[in-house]
Amino acid sequence: MNKICTTPEQSQKLIELGINVNTADMQWVNTGYCMRALPTDDYEAQSSSSKIPAWSLAALLSVLPKNLEMGRPVLAINYKGDYWVQYYDEYMQKLDLETKCYDNSVDAVFEMIVWLKENNKI
C-alpha cells in the first residue's frame, strides 16, 4: 500500500518543530471506528478536536527549502524502489546532505525536513 501522507506521529513532530499547520493539505479524522486520512475539504463537518493535520508528499515538498546556502533538494528513487532526498550545490555537485533510504517518498522528505529543522538549517 502506498503511503499518501504523514502519520499522526509524524504530523505531531512537524508541529513540534514549528512547521505551520496551514501548509498541511490533509487531516487525520477519527470517524468513531478508525482514523482516516482525508483531503482538507472533506472534513469540514468534523469537530476540530478529532482532527490531526497531515501533509501529503506535495505539501511536504512545498515545505522543503528549495535554495539553502548549501544547495537545492532532489527527491530520488532507485531501481529497487528506495527513496531519499539529497542536496546539490549550484554546479549540481552532490553534497554530504542526504537522508537514508526509505520505502516511500513521504518518509524520505519528512526525515529531511526534521533533520534540517533540528540542525538549524531552516
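Some points on the packing of helix H1 (residues 8–16) against helix H3 (residues 105–118)
Thought 1: At a closest axis distance of 10 Å, the pairing of H1 and H3 adopts a crossing angle of 25°. Taken together, the axes of H1 and H3 lie roughly parallel to each other. As for how H1 packs across H3, the hand of that crossing is left-handed. For the pair formed by H1 and H3, the contact residues are Gln10, Lys13 and Leu14 on the first element and Asp107, Phe110, Ile113, Val114 and Glu118 on the second.
Thought 2: Looking at the contact of H1 with H3, its residues break down into four nonpolar, one polar and three charged.

Digging into H1
Thought 1: Taken residue by residue, H1 has Gln10, Ser11 and Leu14 as its buried positions. Seen from one end, H1 has its buried residues packed into an arc of 100°, which puts them on one side. Exposed residues lying more than 90 degrees from the buried face of H1 are Glu9 and Glu16.
Thought 2: Contacts made by the buried residues of H1 are with strand S3 (51–54), helix H2 (57–63) and H3.
Thought 3: Looking one or two residues past H1, Gly18 carries a phi angle of roughly 95°, positive in sign.

With respect to the pattern of salt bridges
Charged atoms that come close allow side chains of opposite charge to pair.
Thought 1: Applying the stated criterion across every chain, the model contains two salt bridges.
Thought 2: Between Lys3 and Asp107 there is a salt bridge whose closest N-O contact spans 2.5 Å. With a gap of 104 residues between them, Lys3 in the segment before H1 and Asp107 in helix H3 connect regions that are remote in the sequence.
Thought 3: Residue Lys3 is classed as partly exposed on the basis of its relative accessible area, which comes to 26%.
Thought 4: For Lys13, the salt bridge is made with Glu118, and the minimal N-O distance between the two is 2.9 Å. In this pair, Lys13 is assigned in helix H1 and Glu118 in helix H3, connecting sequence segments 105 residues apart.
Thought 5: Looking at Lys13, the relative accessible area reads 27%, which means it is partly exposed.

What counts, and at which threshold
- Residues numbered from 1 in each chain as written.
- Predicted model: local features only at pLDDT ≥ 70, side-chain atom pairs only at ≥ 80, totals over all residues.
- Heavy atoms only, no water.
- Axes fitted to C-alpha atoms, helices over the stretch in contact; angles between N-to-C directions.
- Helix = DSSP H or I, 4+ residues; strand = E, 2+ residues; numbered from the N terminus.
- Parallel < 35°, antiparallel > 145°, perpendicular 65-115°, else oblique.
- Left-handed = near helix turned anticlockwise from the far one by under 90°.
- Contact = heavy atoms within 4.5 Å.
- Nonpolar A, V, L, I, M, F, W, Y, C, P; charged D, E, K, R; others polar.
- Buried < 20%, exposed > 50% of the residue type's maximum accessible area, 1.4 Å probe, protein only.
- Arc of directions from axis to C-beta.
- Salt bridge = Lys/Arg side-chain N within 4 Å of Asp/Glu carboxyl O.

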